[in-house]
Amino acid sequence: MKVLVIGGGAREHALCRSLSLDPDVTALHCAPGNAGIAEVAELHRVDALDGAAVARLATDLGADLVVVGPEAPLVAGVADAVRAAGVPCFGPSAEAARLEGSKAFAKDVMASAGVPTARSYVCTTPEEIDEALDAFGAPYVVKDDGLAAGKGVVVTGDVEEARAHARSCERVVIEEYLDGPEVSLFAVTDGTTVLPLTPAQDFKRALDGDEGPNTGGMGAYSPLPWADPKLVDEVMASVLQPTVDELRRRGTPFSGLLYAGLAITSRGVRVIEFNARFGDPETQVVLARLRTPLAGVLLHAANGTLDSEPPLTWRDEAAVTVVVAAHDYPATPRTGDPIGGLDEVAELDAPHAYVLHAGTRREGDAVVSAGGRVLSVTATGADLAQARERAYAAVGRIRLEGSQHRTDIARTAAGQ
């Protein structure tokens with residue numbers, strides 16, 4: 001089949017890499033893509049938020065499947081436009097994508113479906129904000145109701161910082177703090193059948209030891225040796241299937257990738273948030289471990305025939321990804337710096353370690369930085385310790401002036 005992937009980050013590079021290895025994929029296209037994706041897919045220019053333009057590109061290419069990677073095009077209705085043009089599309093409708101596009105909508109769906117989550121208030125005035133902060137106390141959890149590229153959440157013990165963030169948002173959700181480790185669990189769904197993927201854990205803070213500002217994610221690993229073996233079954237029964245069933249009941253079926261961000265609290269599993277697409281950087285490690293060819297799974301979800309797909313199969317290997325970020329990320333990252341060492345990683349570390357591009361572009365013969373998170377260096381190994389060792393060895397070959405990365409990704413889980 002011919003596949004068109006929409007997006008240009010490390011998540012889309014991971015998707016394109018997996019699709020390029022699928023024998024059923026005869027042609028792979030990506031729009032707009034990046035310097036790394038260009039090595040496995042033909043790139044096209046398109047405004048990813050323009051549904052008509054994306055649908056036109058898919059039709060012109062004769063695409064058999066469109067995969068929409070980022071959240072903003074989904075919330076903007078790009079998947080609806082592609083489907084209206086008669087092309088199968090992996091990604092929820094704009095109405096169903098509100099599960100990520102609005103924290104308040106997600107809370108309402110969870111309440112109706114009986115999904116366990118944090119108690120919360122939706123606030124639009126300074127008075128409501130102050131009342132909610134007083135009601136919950138520290139640590140304060142303040143979430144911008146809308147999309148904020150993974151950086152709309154502030155968790156702080158400082159009430160003034162919490163208040164300032166809340167007042168900067170048009171509409172804000174303030175909720176109780178959930179204790180315990182966090183887990184990301186993806187599920188592919190066609191709106192009825194739900195197929196869970198393997199759990200992963202990501203690292204949101206910029207600095208080692210979970211210090212520093214919140215980011216879009218600085219690394220991830222899978223599997224989780226400390227997690228209950230029954231976790232996936234429990235989350236399927238209490239979170240994923242009830243949410244999909246509730247959205248179908250409302251007449252807005254969710255077809256695509258449902259991402260549950262979970263806290264394993266002292267009182268049980270609680271949903272922190274939902275996303276309507278593959279998470280970044282967890283996708284990098286989850287797809288590194290997926291043995292089942294990807295294209296058929298996504299096409300079955302797009303066509304409503306996921307019940308005919310057998311259970312997914314996974315490699316026994318562990319996977320670790322480490323994000324190399326630009327100078328001053330996540331504040332005002334510097335761009336345009338040349339990136340060295342990519343050929344060395346390909347020559348010396350493949351196939352166990354490889355580089356997925358996030359914010360990059362090609363300038364002549366050089367690859368330069370073009371965003372805050374620049375690369376996701378990903379590696380597999382017999383266990384987390386080996387995967388981690390391979391990932392950091394590859395990171396050590398990368399040369400990007402002023403770049404930063406965390407040194408503790410998966411360290412605790414690997415027993416180091």
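Everything numeric here is computed off the predicted structure, so don't read it as measured data.

Caption draft 1: Inspection of the overall build of the protein at higher detail. Of regular secondary structure, the protein possesses 13 helices and 22 strands. Relative to a compact globule of 416 residues, whose C-alpha radius of gyration would be 22 Å, the protein shows 20 Å and is just as compact. Over its C-alpha atoms, taken along the principal directions, the protein stretches across nearly 55 × 45 × 40 Å. Within the protein, the fraction of its 416 residues that count as buried is 57%. For the protein, contacts bridging at least 24 residues in sequence account for 69% of all contacts bridging at least 6. Total accessible area on the protein is roughly 16,300 Å²; 49% of this is exposed by carbon and sulfur atoms. Taking the 37 positively charged and 58 negatively charged side chains of the protein as two groups, their mean positions are separated by 1 Å.

Caption draft 2: Fine view of the nonpolar core. Judged by nonpolar contacts, the single largest core of 79 residues is most densely connected at Leu4, Val66, Leu99, Leu240, Phe274 and Val320. The biggest single contributor to this core is helix 9 (residues 231-249), with 8 residues. Contacts of Leu4, omitting those with residues within four sequence positions, involve His29, Cys30, Ala31, Val54, Leu57, Ala58, Leu61, Ala63, Leu65, Val66 and Val67. Counting residues in hydrophobic clusters, the runner-up holds 40 residues, among them Met1, Ala14, Leu19 and Ala295.

Caption draft 3: Here's a closer look at the sheet that holds strand 2 (residues 27-32). Spatial ordering of the open sheet is given by 3-2-1-4-5, a layout of 5 strands whose pairing is parallel. Edge positions in the sheet fall to strand 3 (42-43) and strand 5 (89-90), since each has one partner strand and no second. As judged from the 4 bridges shared by strand 1 (residues 2-7) and strand 4 (residues 65-68), these two strands associate in the parallel manner. Residue pairing across strands places Leu4 opposite Val66, the latter belonging to strand 4. Each of strand 1, strand 2 and strand 4 touches helix 1 (residues 10-20); the most contacted strand, strand 1, lies at about 170° to it.

Caption draft 4: Examining empty space enclosed by the protein more closely. Under the criterion given, the structure shown has 4 cavities of 30 Å³ or more. Counted as a void, the largest cavity has a volume near 70 Å³. Every element with two or more residues in the lining of the largest cavity is listed here: helix 6 (103-113), strand 9 (172-175) and strand 17 (268-275). Residue composition of the lining of the largest cavity, by class: 6 nonpolar, no polar and 5 charged.

Caption draft 5: Seen up close, the sheet that holds strand 10 (residues 182-189). One open sheet accounts for 4 strands, arranged 11-10-16-17; its pairing is antiparallel. The open sheet terminates on both sides in strands that have one partner only, identified here as strand 11 (194-196) and strand 17. Averaged over all pairs of adjacent strands, the angle between strand axes in this sheet comes to 35°, irrespective of strand direction. The sheet contact formed by strand 10 and strand 11 spans 3 bridges and is antiparallel. Note that in strand 11 the partner of Val188 across the bridge is Leu195.

Caption draft 6: Inspection of the packing of aromatic side chains at higher detail. Applying the stated rule across the entire model yields 5 aromatic pairs. Here the aromatic rings of Tyr121 and Phe136 are separated by 5.3 Å at their centres, their planes lie at 45°, and the arrangement is tilted. Taken together, the positions of Tyr121 in strand 6 (residues 120-123) and Phe136 in helix 7 (residues 126-136) put the pair 15 residues apart, joining distant regions of the chain. Among the residues examined, Phe136 registers a relative accessible area of 18% and is labelled buried. Pairing Phe186 with Tyr259 gives two aromatic rings, centres 5.3 Å apart and planes at 35°, and the pair type is tilted. Note that Phe186 is positioned in strand 10 and Tyr259 in strand 16 (residues 256-265), a separation of 73 residues in sequence. Note on accessibility: Phe186 and Tyr259 belong to one class, buried. Among the aromatic residues, those joined into a cluster by ring pairs are Phe90, Phe186, Tyr259 and Phe278. The ring of Tyr354 carries Arg17 above its face, with NZ or CZ at 3.6 Å from the centroid.

Caption draft 7: Broad picture of the layout of surface pockets. Quantified by volume, the second largest pocket comes out at close to 480 Å³. Around the second largest pocket, the lining is made up of 22 residues, and of these Glu39, Leu342, Ala346, Val355 and His357 lie nearest the centre. Residue assignment for the lining of the second largest pocket shows that the elements contributing at least two residues are helix 1, helix 12 (342-348) and strand 19 (353-357). Its residues placed into classes, the lining of the second largest pocket shows 12 nonpolar, 4 polar and 6 charged.

Rules and cut-offs
Residues numbered from 1 in each chain as written. Predicted model: local features only at pLDDT ≥ 70, side-chain atom pairs only at ≥ 80, totals over all residues. Heavy atoms only, no water. Helix = DSSP H or I, 4+ residues; strand = E, 2+ residues; numbered from the N terminus. Rg over C-alpha atoms; globule rule 2.2 N^0.38 Å. Buried < 20%, exposed > 50% of the residue type's maximum accessible area, 1.4 Å probe, protein only. Contact = heavy atoms within 4.5 Å. Areas by Shrake-Rupley, 256 points an atom, 1.4 Å probe, with all protein chains shown as cover. Lys, Arg positive; Asp, Glu negative; His and termini not counted. Charge placed at Lys NZ, Arg CZ, Asp CG, Glu CD. Core = buried A, V, L, I, M, F, W, Y, C linked by side-chain atoms within 4.5 Å. Pairing = 2+ DSSP bridges. Axes fitted to C-alpha atoms, helices over the stretch in contact; angles between N-to-C directions. 1 Å grid on protein atoms, 1.4 Å probe; cavity = no way out; pocket = protein on both sides within 12 Å on 5 of 7 lines; lining within 4 Å. Points joined across faces, edges and corners; volume = space filled by probe spheres on them. Nonpolar A, V, L, I, M, F, W, Y, C, P; charged D, E, K, R; others polar. Phe/Tyr/Trp six-rings, centres within 6.5 Å; stacked < 30°, edge-to-face > 60°. Lys NZ or Arg CZ within 6 Å of the ring centre and 35° of its normal.

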